[in-house]
Amino acid sequence: MATKSNPIPKLTRPVSAGVYPRRRLFRLLDESRKNPVIWICGPPGCGKTTLVSSYLESKRLRHVWYQVDEGDHDAATFIYYLGLAVRRESPRIRRPFPVLTPEYLPGLSVFTRRFFEKICLRLSPPAVLVFDNFQKMPADAPFQPILPEVLANLPSGITAVLVSRGTPPPGYARLRANRLVETIGWKDLRLTTEEAEGIARAAGRGVRKPTAETIRHLQKRSDGWAAGLILMLEHDVPGGKEPKGGRRAADEIVDYFGGEIFDATDRETREFLLRSAFLPRMTGSMAERLTGYAGAGRILAYLHRHNFFTEAHHHDEPVYEYHALFREFLLARAKAALPAEEIARLQRTTAGLLAERGQAEDAVALLRECGDWGELCRVILSQAPALIAQGRFQTLGEWIRFFPQSMLEEVPWLRYWMAVSGMPFHPGESRAQFEQAF
C-alpha cells in the first residue's frame, strides 16, 4: 500500500490557492464546536471543503482528515485507513491500532466504540476529526447506524466535522433532537456580497479589477456559488451568455465556462486536460508519464494557482485533483474526442500508475470499468496478502467476484484468494473453493 514517500491523498487536507478567509463562517464554526458533531452540507463547488481546510489552518487546530469514498462500505477498510490517518497525526505514539478482522464483526458496535476511544486518547484537545465527501459512504455501509452514537459521545474538545452534499440522514435524527449536531447548510454557505468582494480581492489576477457593480452581478449570476464566482473572476468574463433555467447553477456554470475556457486554451493544454483527467489524483510525474507532456507539473501548478477547478495536497511532490464536476466534464469530452483504443490505453496506463502509488482501490475500479482482466488479475493478486492482513476480507472477495467464471477457472490463485476471503463467513463454500484451486 502507500508508503511514506507515496502519501495517501484521502488522508491529507487539501489546500487551495489564494483562499479568502470567511470570518463569518469561522465564527459559526467556533460556536458550533460546542457540539460533538458539525454537519456541513451544500452542492458541489460551494466551498465546503475549502471552508473547513482554511478554518483548520487559520485556527492551527490539530486535526485528522479523512476523505470518504465508495471503498469505505467495507468496515475493515474504514478502520484501516482511519487508523493510518490518526497515526500520521501522532507519529511519536508507536502502538498500532487494531485491525477489524472477521472475528470482531459480530460485535462491530463495541469494536467501533473502543476504536474511537483509542483515537481520542491519541488526540490532545482541541482537535477535529474531518470526514470529507461523506455522501460517498453507502447507505447500507455497516458504520452508518453506528457512527451517530459513537460521534455523539466524543469527549469534550474533540469535534467531528462531516462534509456532505446532503443533509444528515435519519440516523442522526436523535442527535439533532438532542442538539448534539450543528448543521451548516447551503443557506449559510452562499456567498454574501462582502465575501464575493473579498474573494475578488484575493484573486486579484484578472485583466481588470471588477467594479462593485460587476461583483454583485456575478454573485447573483452564480447564485452565491463560490466555484462559479472564482471561475468568472479568474477569466474576466462577467458578460456573455446567461445560464438557462431549470438546472442548478453549479451544473450550468461548469458546462458553460468549462466549455468556454477549455475551447479557448491552446491545443497542447486541451490534450493534456483530456488525458490527465483519467487520473483521479496525480503528481506532476504521474501526469507526465500518462500524457507524455514534459511540462505536466508546470501545467498542474498553473491550474491550481489560478483556481482552475484544481486542488492540491501538499507533500514533497504536490498531489493534484480536479474538481469532481470539472473532471466529469473532461472525461465526457475525452470519450467523445479520443479513439476507443487511445481511451483503453489511457485507462490501462492510469491503473498501472495508481497501483504503483499504492492506490489499489482506484486502480481496480478503473480496470473493472475497462474490462482489462489480465492487469486486474495482476493488481489483485499483488494486493491480496496485504488486504487480508488489514482485515479487509470482504473487499478482496468483492474484487474477485467481479471476474467472469472463465477467469476463475484459468487462474487458480484467484480461486485460492476467493476461498481465503470467504473463510470467516462461509467456511463450507471456502473449502470447496480451496479444493478447486488445488
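Bear in mind that the values here come from a model prediction, so they are computed numbers and not experimental data. (Residues numbered from 1 in each chain as written. Predicted model: local features only at pLDDT ≥ 70, side-chain atom pairs only at ≥ 80, totals over all residues. Heavy atoms only, no water.)

Some details on the packing of aromatic side chains
- Overall, the coordinates contain 18 aromatic pairs when judged by the stated rule.
- The interplanar angle of 45 degrees and the centroid separation of 5.8 Å between the aromatic rings of Trp-373 and Phe-402 together place this pair among those described as tilted. Of this pair, Trp-373 sits in helix 18 (residues 373-389) while Phe-402 sits in the loop between helix 19 (393-401) and helix 20 (405-410); the two residues are 29 residues apart in sequence, bridging distant segments of the chain.
- Aromatic ring contacts, followed pair by pair, group Phe-97, Tyr-104, Phe-111, Phe-115 and Phe-116 into a single cluster. (Phe/Tyr/Trp six-rings, centres within 6.5 Å; stacked < 30°, edge-to-face > 60°. Helix = DSSP H or I, 4+ residues; strand = E, 2+ residues; numbered from the N terminus.)

Details of the nonpolar core
- Core analysis: the largest hydrophobic core is formed by 78 residues, its most contacted members being Tyr-322 and Ile-400.
- Ranked by the residues each element gives to this core, the list is headed by helix 18, at seven residues.
- Once you skip the residues sitting within four places of it in the chain, Tyr-322 turns out to touch Phe-272, Leu-273, Ser-276, Ala-277, Met-282, Leu-300, Leu-303, Phe-309, Thr-310, Arg-327 and Leu-330.
- In this structure, Val-37, Val-86, Phe-97 and Leu-162 belong to the second largest nonpolar core, which totals 46 residues. (Core = buried A, V, L, I, M, F, W, Y, C linked by side-chain atoms within 4.5 Å. Buried < 20%, exposed > 50% of the residue type's maximum accessible area, 1.4 Å probe, protein only. Contact = heavy atoms within 4.5 Å.)

As for the packing of helix 12 (residues 267-276) against helix 13 (residues 284-291)
- Close contact between helix 12 and helix 13 brings their axes to 10 Å; oriented N to C, the two are set at 100 degrees. On the basis of the axis angle, helix 12 is roughly perpendicular to helix 13. Across the interface between the two elements, Phe-272, Arg-275 and Ser-276 of helix 12 pack against Ala-287, Leu-290 and Thr-291 of helix 13.
- Grouping the constituent residues of the contact of helix 12 with helix 13 by class yields three nonpolar, two polar and one charged. (Axes fitted to C-alpha atoms, helices over the stretch in contact; angles between N-to-C directions. Parallel < 35°, antiparallel > 145°, perpendicular 65-115°, else oblique. Nonpolar A, V, L, I, M, F, W, Y, C, P; charged D, E, K, R; others polar.)

Digging into the confidence of the model for the protein chain
- Residues with a pLDDT of 70 or more make up 89% of the protein chain, whose mean pLDDT is 85.
- With pLDDT under 50 throughout, residues 237-249 is counted as low confidence; its partners more than four residues away or in other chains account for 26 contacts. (pLDDT = per-residue confidence, 0-100.)

Regarding helix 19
- Within helix 19 the residues assigned to the buried category are Phe-393, Thr-395, Leu-396, Gly-397, Trp-399 and Ile-400.
- Against the buried residues of helix 19 lie helix 3 (75-89), helix 17 (360-370), helix 18, helix 20 and helix 21 (412-422).

Some words on empty space enclosed by the protein
- Applying the stated criterion across every chain, the model contains three cavities of 30 Å³ or more.
- What the second largest cavity holds in volume is close to 50 Å³.
- Around the second largest cavity, the lining residues are Leu-29, Arg-33, Ile-38, Val-52, Tyr-55, Leu-56, Val-128 and Val-161.
- If one sorts the elements of the lining of the second largest cavity by residue count, helix 2 (residues 48-59) sits on top with three residues.
- Partitioning the lining of the second largest cavity into residue classes produces seven nonpolar, no polar and one charged. (1 Å grid on protein atoms, 1.4 Å probe; cavity = no way out; pocket = protein on both sides within 12 Å on 5 of 7 lines; lining within 4 Å. Points joined across faces, edges and corners; volume = space filled by probe spheres on them.)

Re the side chain of Gln-359
- Among the structural elements, Gln-359 can be located in the loop between helix 16 (340-356) and helix 17.
- Residue classification places Gln-359 among the buried positions, given a relative accessible area of 9%.
- Apart from residues lying up to four places away in sequence, Gln-359 is in contact with Pro-9, Arg-281 and Leu-354.

Quick look at the state of the cysteines
- Scanning all chains against the criterion turns up zero disulfides.
- Cys-41 takes part in no disulfide bond, and the closest cysteine sulfur to it belongs to Cys-46, at a distance of 8.5 Å. (Disulfide = S-S within 2.5 Å.)

Concerning the sheet that holds strand 5 (residues 181-184)
- Spatially, 2-3-4-1-5 is the arrangement adopted by the five strands of the open sheet, whose pairing is parallel. Strand pairing shows two members of the sheet lacking a second neighbour, strand 2 (62-67) and strand 5, which therefore form its edges. Each neighbouring strand pair of the sheet contributes to a mean axis angle of 15 degrees, computed without reference to strand direction.
- Bridge analysis of strand 1 (residues 37-41) against strand 5 gives four bridges, and the strand direction is parallel. From the neighbouring strand, Ile-40 faces strand 5, where its bridge partner is Ile-184.
- In this fold helix 3 packs onto strand 2 and strand 3 (127-132), with an angle of close to 150 degrees to the strand it touches most, strand 2. (Pairing = 2+ DSSP bridges.)

Considerations on the pattern of salt bridges
- Under the definition given, this model contains 21 salt bridges.
- Between Glu-195 and Arg-24 there is a salt bridge, and its shortest N-O distance comes to 3.0 Å. Residue Glu-195 is located in helix 8 (residues 193-203), and its partner Arg-24 is located in helix 1 (residues 23-32); the two are separated by 171 residues in the primary sequence.
- Using a relative accessible area of 4% as the deciding quantity, one classes Glu-195 as buried.
- Residue classification places Arg-24 among the partly exposed positions, given a relative accessible area of 28%.
- Residue Glu-356 is joined to Arg-289 by a salt bridge in which the shortest nitrogen-to-oxygen separation is 2.9 Å. Here the residue Glu-356 occupies a position in helix 16, and Arg-289 occupies one in helix 13, the gap between them amounting to 67 residues.
- Judged by its relative accessible area of 53%, Arg-289 is exposed. (Salt bridge = Lys/Arg side-chain N within 4 Å of Asp/Glu carboxyl O.)

What to know about the pairing of strand 7 (residues 319-322)
- Along strand 7, one buried face is formed by Val-319 and Glu-321 and the opposite face, lined by Tyr-320 and Tyr-322, is buried too.
- The sheet contact formed by strand 6 (residues 310-313) and strand 7 spans four bridges and is antiparallel. Across the sheet, residue Ala-312 finds its bridge partner in strand 7, namely Tyr-320.

Considerations on unusual backbone geometry
- Pro-125 connects to Pro-126 through a cis peptide bond whose omega is 0 degrees.
- Phi at Arg-60 takes a positive value of approximately 55 degrees, unusual for a residue other than glycine.
- Its location among the elements puts Arg-60 in the loop between helix 2 and strand 2.
- Residue Asn-133 is not a glycine yet carries a positive backbone phi of 55 degrees.
- Position of Asn-133 relative to the elements: it lies in the loop between strand 3 and helix 5 (147-152).

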